Amino acid sequence: MTAMVDTDPDSATASQAEINAEMAAIESDYVRAGVEETQPRLDYSPYRSSLLRHPTKALHHADPEGVELWTPAFGDRDVHPLESDLTAQHHGEPIGERMVVTGRIVDGDGRPVRRQLVEIWQANAAGRYVHKRDQHAAPLDPNFTGVGRCLTDNDGNYSFTTIKPGPYPWKNHRNAWRPAHIHFSLFGTDFTQRMITQMYFPGDPLFKLDPIFQSITDQKARERLIATYDHSVSTHEWCTGYRWDIVLTGSQGTPLGDPEEDHR
């Protein structure tokens, strides 16, 4: 996989004119095809910070080995099975609706993605992250950190036990509230193959008011971000259950999220 990075136009290997011509041709084909956008728009004006954070300079091919010098830290130990249970990481029980989120990760041809590292992070039941930038007036839960990870099994399945997150304000505009969601991060065979996205819950009334969710203009693609309540995953007098499958490639691929969204 070849990575693309934002750099100064003078250092690009291809001329700006060539890049502009290529992008114009792609855009022309896209418009003629009349295809809805299945991925979030990079410069979706209702999502105010997207205008400041998407690439504005020419792209050029980078050395993949050089890119991998700037890599995420997986931790100083192997993935432990208890890391997938976010309700059992402290001395007491966290507050909120206990639930299990499970699903299957496949490629565009439906083949299972085995031994895939899956990481999640989320707000607590009150809509608060354990993050220094999150200072809104909601309580922290001393028994809930909101992060977990696991590896998929040989059939591509993953499972997390956690607490249903609450909605929260995010200052994009007046009275702006994000729908309840869980961030997912997946790694392929290389560091450059990281995918970040968000999982939402069915029937959320904030969907139509959320610029991040609405930045995906294809309705069917948006729906692929919404988990399904699954009563067979629920456990009697213990937890509710949700199922959310992830497709990494192809026309039915799961839409991507914003890598900079640490706590949005």
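On a predicted model such as this, the values are computed, not experimentally measured, just so you know.

## Points about the side chain of serine 84
Positionally, serine 84 belongs in the loop between α3 (64-67) and β3 (98-106). Given the relative accessible area of 16%, serine 84 is considered buried. Ignoring sequence-local partners within four residues, the contact set of serine 84 consists of Arg149, Cys150, Ser159, Phe160 and Thr161.

## Observations regarding the nonpolar core
Formed by 39 residues in total, the largest nonpolar core has its most connected members in Tyr158 and Phe184. Looking at this core, the elements that each hand over two or more residues are β3, β4 (117-122), β6 (157-163), β9 (181-187), β10 (195-200) and α4 (211-214). With 4 residues, the top contributor of residues to this core is β10. When near neighbours in sequence (up to four residues on either side) are disregarded, tyrosine 158 contacts Val101, Thr102, Gly103, Arg104, Ile105, Val118, Cys150, Thr152, Phe184, Trp244 and Ile246.

## Here we look at the UniProt feature "domain: Intradiol ring-cleavage dioxygenases" (unreviewed entry) in the chain
UniProt feature "domain: Intradiol ring-cleavage dioxygenases" (unreviewed entry): in the numbering of this structure it lies at residues 101-129. Across residues 101-129, the secondary structure splits into 0% helix and 41% strand, with the terminal C-alpha atoms separated by 19 Å.

Rules used throughout
- Residues numbered from 1 in each chain as written.
- Predicted model: local features only at pLDDT ≥ 70, side-chain atom pairs only at ≥ 80, totals over all residues.
- Heavy atoms only, no water.
- Helix = DSSP H or I, 4+ residues; strand = E, 2+ residues; numbered from the N terminus.
- Buried < 20%, exposed > 50% of the residue type's maximum accessible area, 1.4 Å probe, protein only.
- Contact = heavy atoms within 4.5 Å.
- Core = buried A, V, L, I, M, F, W, Y, C linked by side-chain atoms within 4.5 Å.
- UniProt positions renumbered as here; feature names shortened; annotations may be inferred.

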